[in-house]
Structures are given as C-alpha cells and as structure tokens.
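Observations on the three-dimensional arrangement
Here is what each chain is made of, one letter per residue.
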Amino acid sequence: MGNGFFQVPPATNEPVKSYAPGSPEREAVLKQYKAYYAGTADIPMTIGGREVRTGNTRRMAPPHEHGHTLGQYHLAGKKDVEAAIASSLQARQAWAALPWEHRAAVFLKAADLIAGPYRARINAATMLAQSKTVHQAEIDAACELIDFLRYNVEFMAGIYREQPESSDGIWNRVEYRPLEGFIYAITPFNFTAIAGNLPASAAMMGNVVVWKPSDHQIFSAQVIVEVFKEAGLPDGVINTVFGDPVMITDTLLTHPDFSGIHFTGSTEVFKAIWKKIGENIGTYKTYPRIVGETGGKDFIVAHPSADPQQVATAITRGAFELQGQKCSAASRVYLPKSTANTILERVKKDIASFRKPGSPADMGNFITAVIHEGSFDKLAGFIDRAKADKKAQIIAGGHYDKSVGYFIEPTVILTTDPHYVTMETELFGPVVTVYIYEDAQWDATLELIDKTSEYALTGAVLSTDRYAIDQATRALENCAGNFYINDKPTGAVVGQQPFGGARASGTNDKAGSAQNLLRWVSPRLIKETFVSPTDYRYPFLG
Ligand code: NAD
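Residues numbered from 1 in each chain as written. Predicted model: local features only at pLDDT ≥ 70, side-chain atom pairs only at ≥ 80, totals over all residues. Heavy atoms only, no water.

**Quick look at the side chain of Ser 375**
- By secondary structure assignment, the location of Ser 375 is in helix α12 (residues 373–388).
- Discounting residues that sit within four places of it in the chain, Ser 375 has contacts with Val 370 and Phe 428. (Helix = DSSP H or I, 4+ residues; strand = E, 2+ residues; numbered from the N terminus. Contact = heavy atoms within 4.5 Å.)

**Digging into unusual backbone geometry**
- Unlike most non-glycine residues, Tyr 19 shows phi in positive territory, near 60 degrees.
- Looking at the secondary structure, you find Tyr 19 in the segment before α1 (24–38).
- Not every positive phi belongs to a glycine, and Asn 508 is a case in point at roughly 55 degrees.
- Turning to its location among the elements, Asn 508 is positioned in the loop between β22 (502–503) and α16 (514–518).
- Among the residues examined, Asn 508 registers a relative accessible area of 25% and is labelled partly exposed. (Buried < 20%, exposed > 50% of the residue type's maximum accessible area, 1.4 Å probe, protein only.)

**A look at helix α4 (residues 119–130)**
- Taking 1.5 Å per residue as the helical rise, α4 with its 12 residues ought to reach 16 Å, and the 16 Å between its terminal C-alpha atoms agrees with that figure.
- Here α4 lies mainly inside the structure; 11 of its 12 residues are buried.
- Ser 131 lies just past α4 and shows a positive phi near 55 degrees. (Expected span 1.5 Å × (residues − 1).)

**Details of the sheet that holds strand β7 (residues 182–186)**
- One open sheet accounts for 5 strands, arranged β9-β8-β7-β10-β11; its pairing is parallel. The open sheet terminates on both sides in strands that have one partner only, identified here as β9 (238–240) and β11 (289–293). Pairwise comparison of adjacent strand axes, ignoring direction, gives a mean angle of 20 degrees for this sheet.
- Where β7 lies against strand β10 (residues 258–264), 5 bridges are found, and the strand directions are parallel. Pairing of Ala 185 across the sheet is with His 262, part of β10.
- In the packing of helix α8 (residues 245–253) onto the sheet, the strands contacted are β7, β8 (208–212) and β10, and the crossing angle to β7 comes to about 160 degrees. (Pairing = 2+ DSSP bridges. Axes fitted to C-alpha atoms, helices over the stretch in contact; angles between N-to-C directions.)

**Structural notes on empty space enclosed by the protein**
- If you walk through the whole model with that rule in mind, you get 2 cavities of 30 Å³ or more.
- Each pocket or cavity is described by its volume, and for the largest cavity that value is around 90 Å³.
- Surrounding the largest cavity, 16 residues form its lining, Gly 324, Lys 326, Ala 329, Ser 331 and Phe 428 being those nearest its centre.
- Class assignment of the residues belonging to the lining of the largest cavity gives a composition of 7 nonpolar, 5 polar and 4 charged.
- What the second largest cavity holds in volume is close to 30 Å³.
- If you go around the second largest cavity, the residues you meet are Leu 198, His 262, Phe 263, Thr 264, Val 291, Gly 292, Glu 293, Ala 511 and Asn 516.
- Only β10 and β11 provide two or more residues apiece to the lining of the second largest cavity.
- Split by residue class, the lining of the second largest cavity holds 4 nonpolar, 4 polar and 1 charged. (1 Å grid on protein atoms, 1.4 Å probe; cavity = no way out; pocket = protein on both sides within 12 Å on 5 of 7 lines; lining within 4 Å. Points joined across faces, edges and corners; volume = space filled by probe spheres on them. Nonpolar A, V, L, I, M, F, W, Y, C, P; charged D, E, K, R; others polar.)

**Details of the packing of aromatic side chains**
- Tallied over the full model, the rule gives 19 aromatic pairs.
- Centroid distance Phe 107 to Phe 228: 5.7 Å. Interplanar angle 85 degrees. Geometry classified as edge-to-face. In this pair, Phe 107 is assigned in helix α3 (residues 100–115) and Phe 228 in helix α7 (residues 218–230), connecting sequence segments 121 residues apart. In this structure, Phe 107 and Phe 228 share a single accessibility class: buried.
- On the numbers, 6.4 Å between centres and 75 degrees between planes, the contact of Tyr 334 with Tyr 435 is edge-to-face. You can see Tyr 334 sitting in strand β13 (residues 330–336) and its partner Tyr 435 sitting in strand β18 (residues 431–437), a full 101 residues away along the chain.
- What makes Tyr 334 buried here is its relative accessible area of 0%.
- Owing to a relative accessible area of 16%, Tyr 435 belongs among the buried residues under this scheme. (Phe/Tyr/Trp six-rings, centres within 6.5 Å; stacked < 30°, edge-to-face > 60°.)

**So, the site of the ligand**
- Around the ligand sit 27 residues, and of these Thr 187, Lys 212, Ser 266, Thr 294 and Glu 426 come closest.
- At 2.7 Å, a backbone N or O of Thr 187 approaches an oxygen atom of the ligand.
- In this structure, Phe 189 approaches the ligand through a main-chain N or O atom, which is 3.1 Å from an oxygen atom.
- For the ligand, the accessible surface in isolation is 840 Å², of which the surrounding protein chains cover 85%.
- The cavity that encloses the ligand is the largest pocket.
- At the level of elements, α8, β10 and α9 (267–279) are the ones that each hand at least two residues to the shell around the ligand.
- It is α8 that contributes the most residues to the shell around the ligand, 3 residues altogether.
- Partitioning the shell around the ligand into residue classes produces 14 nonpolar, 10 polar and 3 charged.
- Each of domain 1 (24–155 + 174–294 + 506–521) and domain 2 (298–485) gives at least three residues to the shell around the ligand. (Near = heavy atom within 4 Å. Polar contact = N/O pair within 3.5 Å; in protein donor to acceptor, adjacent residues only side chain to side chain. Areas by Shrake-Rupley, 256 points an atom, 1.4 Å probe, with all protein chains shown as cover. Sits in = over half its atoms within 2 Å of the grid points. Domains from an automatic or database assignment.)

Here it is, written out as structure tokens:
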C-alpha cells in the first residue's frame, strides 16, 4: 500500500450567486422549484442504505401555501430506530478503519455535487419546504453547507497533524479515534446547512450516525441524503429516522452504544435531552459527548455616536431576513433617546418598502412565511398581547394572516419596560422589540443588557466612539458567543466567524471549526520506547 502525508485542497468560501433576472442560476432554480411543486414526493427513511417506507406517513406542505401538498414522508416505529442503531454499528468497523483521505474525498465530492449538479435542487427544496427566498436558500443550503464540508476537511487534516513532542529514545504519537458507538444528530428546521453539517461532521471524523431531521425540513434533508449517497458515503454511516422525537430520542438514549449527541434546536429541548442522558449515564459504555447549539435573544445596542442609518439597516436586516427565524436574529434593541426617532423612522420606511409577505417563487418578495402554524400562532399571540399592553406599542407591522400561508408582517414593538416579555423571550419570528434609553444611561444600559436574558448567542454594538466600543466589548463579554462591532448580529460565515453561544444558548463548540470536530474524536496516545530498560533500579538508589 502506498503512503503519503496528503495535503487537502485549500478551502475557500463558496461564492454566492446573484440570481439576478436573466441569470442561468435563476432560471435553473425556478425550473426545479416548479418541478418539485408539481410533484408528489414520497420520502423514505434511509437505514443501512435501504429506503424504508413504513406506510405510516405525514403530509408535507410549503409554509407559504399550506393547502398545497408537496408529498409525504414515512414515520419511524421503535423497531426502525433500533434498526438504524444496528445498521450504524454494523457499518462502524469498516468506516472507522478507512484511511482518512477517503473520508475526506467523500465529503469533498459532496461539496462539489452541491456546488454543481445539486445546487438548484437543494436551493429549490429549501425555498419550498422552509419558505426561504432564493438568496436565503443560496447562502444556507448551497454555500454554507459547501463551506462546512470543505473547511471541515481542512480542519480534520489539521487535527491529525497535531502531535506531541518526542524525546531521546522515545516516540510519542496521538491517534484521533472515532468515538466508540454511534452519534445521534438532531437538527432544526431553519438551516439546511446545519441539517447536513451535524451528521456529516461526526461522520467525517470516522463516526457512524443516526440522524433525526426536523419534521419541517425533511424535503430538503432528502436532497442531502441523495448527495451523500452519490458522493459514495457507504451504507449505514448516516441513517435517517423521522417522526416522534420523544420515542426516537428515548430509544437512542437508552442504548449502551450511544456515544454522543450533536444537537441544534431550542434550549428547552436540549435541556430535556441533557437530563435524559444524565438519567441513563449508568447504561453507557463511554461518557457521551454532549454538543448543543440552542436559542438566543440577540441584541443590538446603539451608542449615541452611532450613524442612525447604519443602525437602522442593522435592525432591518438583522431582525427580519428569513422572517427572524435565525438563531442569531436581532430581537431586542437598545437605542439612545437622541437618535432613536431618526433610526425608527428609517426602519419604518424600510419595512414599508417590503412587499407584503408572500411566496419565495416570486423573487420580489423579501419576506416569506414562518415555518408552521404553531410558530404563527405563538407570534400572533405576542403581537396581540403587545397591542393590549400599556407598556408596549406597535410602531410598525402588527398584521398577520394564515389563510394561505403563515404570514406575519415584520413588526416593531416599542416598550417602556426593558424587561417586557418580548425583550426576554425568544419568539423566533419577524418581531423585534425596542427600548429607548437616556443617553446618559449608557453604562447602566450595558449592565441591563448583560442581566436581561438567559441567552448569550449573538449581539452587536454600533458606535463611532472607540472608547464606547471598548467599554461595550468588555461589559458584554459573557452576553454573546458571536459579538459584532458596527454590523448586524447575523450572517456568520464558515471559516471566518465560527458560530456558537454560551449561557442557555449552547455548549459553544463552534460549528464549522476544529473545536467542534475535536468533540467527535477520542485521542489515543501511543508512547513507543526504542531501547527498553532492563533494570528497575534508578540511579538515586545507588
Ligand atoms: P426545536 O427545538 O423545536 O427542534 C429541533 C429538533 O429537536 C427537531 O429535530 C425536533 O424534532 C427535535 N425535538 C423536538 N422536541 C424534541 C424532544 N422532546 N426530544 C428530542 N428531540 C426533540 O427547534 P426548531 O424549531 O427546529 O429550531 C428553532 C430553534 O433552534 C430556536 O430556538 C433557535 O434559536 C435554535 N437554533 C439555534 C442555532 C444555534 O446555532 N445556536 C441554530 C439554529 C437554530
């Protein structure tokens, strides 16, 4: 067998295509969108490389047109989950033993497939099933997923190169072993890239995975399954199971070979999972790795010196793109009294320039639908509460309509209470709450931001005063895992801004970084002595 220290192709960020009128990518994605829209998908689970259809199905519909049927997917029974565990463990030996360059090649090929022949498919599926505009689909489903795959290959090679020193007569080596058992990946609805990355990053490091996508992302999850298959991922390395999250999770977390969880979703669900892992700790062969990126209540704070137009743009983009359904979306804003009116007038003007929320197939729409009826009802409830509440005033938006799709107008709530419910609770929709502070209260406002929320995911300060920027950076040190200066708090790019938060926002293992990949390996140190001692006596005994 030939050997070598292989250099992986250097990773660079996938260029974002424009989808401008007349561009070939626009034509391709709309053609695919129409084809998916007209079809009736029947999505099986993939277990040990087999397509599993249980006949127990659930309907899929676009959030922006919930009366239209896109198809159905098949739900797992307990025995399907057990089969997924068995298939993963069966695949483990060969996959874990495969030289790393072959694992790298599978995922590099997957990245190239998404960049090329699958680009229109993964974007169109994400537009339809998750109601993303083409731009939001492109930066997520195509570009971010490609970046995760390519950068992670580079990070993996970097990890393997990390070796200890050796001294005279001995050679120290570290092997980065996959975890002993299987990994459970649970993914959210809002990013196709996260859905692909959570199972893939663990599998790349030699692990086998049972993956449960969100019920609301299965249409685009199936494109990921197809890509990995075409890229040559062996059967059983990543298995999908759909449906009842509690039954699936209980089955997986009570198995002795459970060795780690890679979760992204809400804080409440992650805490419940952590608790279950604790309750079952005596069952496992190894201490499981627990990695979870969860909710946020992300802030923008403007200093009196900040440019009002820049603050307004940070709010408009940071709060409303993807209908505010980014974990990083700005949802509480602190404005100084001296510039608040100018900033809010501009935000209102921006909102007035959006068209009414509509379908992503109409590319003039900036705002589309929220993901499902549960989310719609929750948001409508908070809007109604604000309408009735003396401490709150709706200064823009406030309308909603679910007759065709789950449409919520971008809404700005102004409150006189910095602890008003929508300043503290994660809403996960196009609703932002603003609190106006006295300019002289800048120091106290920073303290208020630090104390207001249990979360610490993202946050932004806007200022032209360097001392104020330095002060905010220090005062808000523990408020955000990703902190932005003079920018909106969203839009992290793999390889540039590794992403994750602390406090109730997650374990901060930074998706899209070597730090995350390190959670999926268990290093083994090998010390080899060339000439072994033959007498137990040390010189001091003499
Ligand atoms: P969710 O918590 O409702 O669902 C996430 C996943 O958990 C889904 O696959 C779901 O089926 C599963 N799930 C639900 N209940 C479960 C249970 N009882 N046991 C086990 N699994 C269960 O979240 P969502 O609505 O899909 O996504 C939105 C949430 O995700 C928001 O809170 C958002 O902030 C968070 N999020 C965080 C990040 C991050 O990087 N920090 C990124 C994206 C989304």
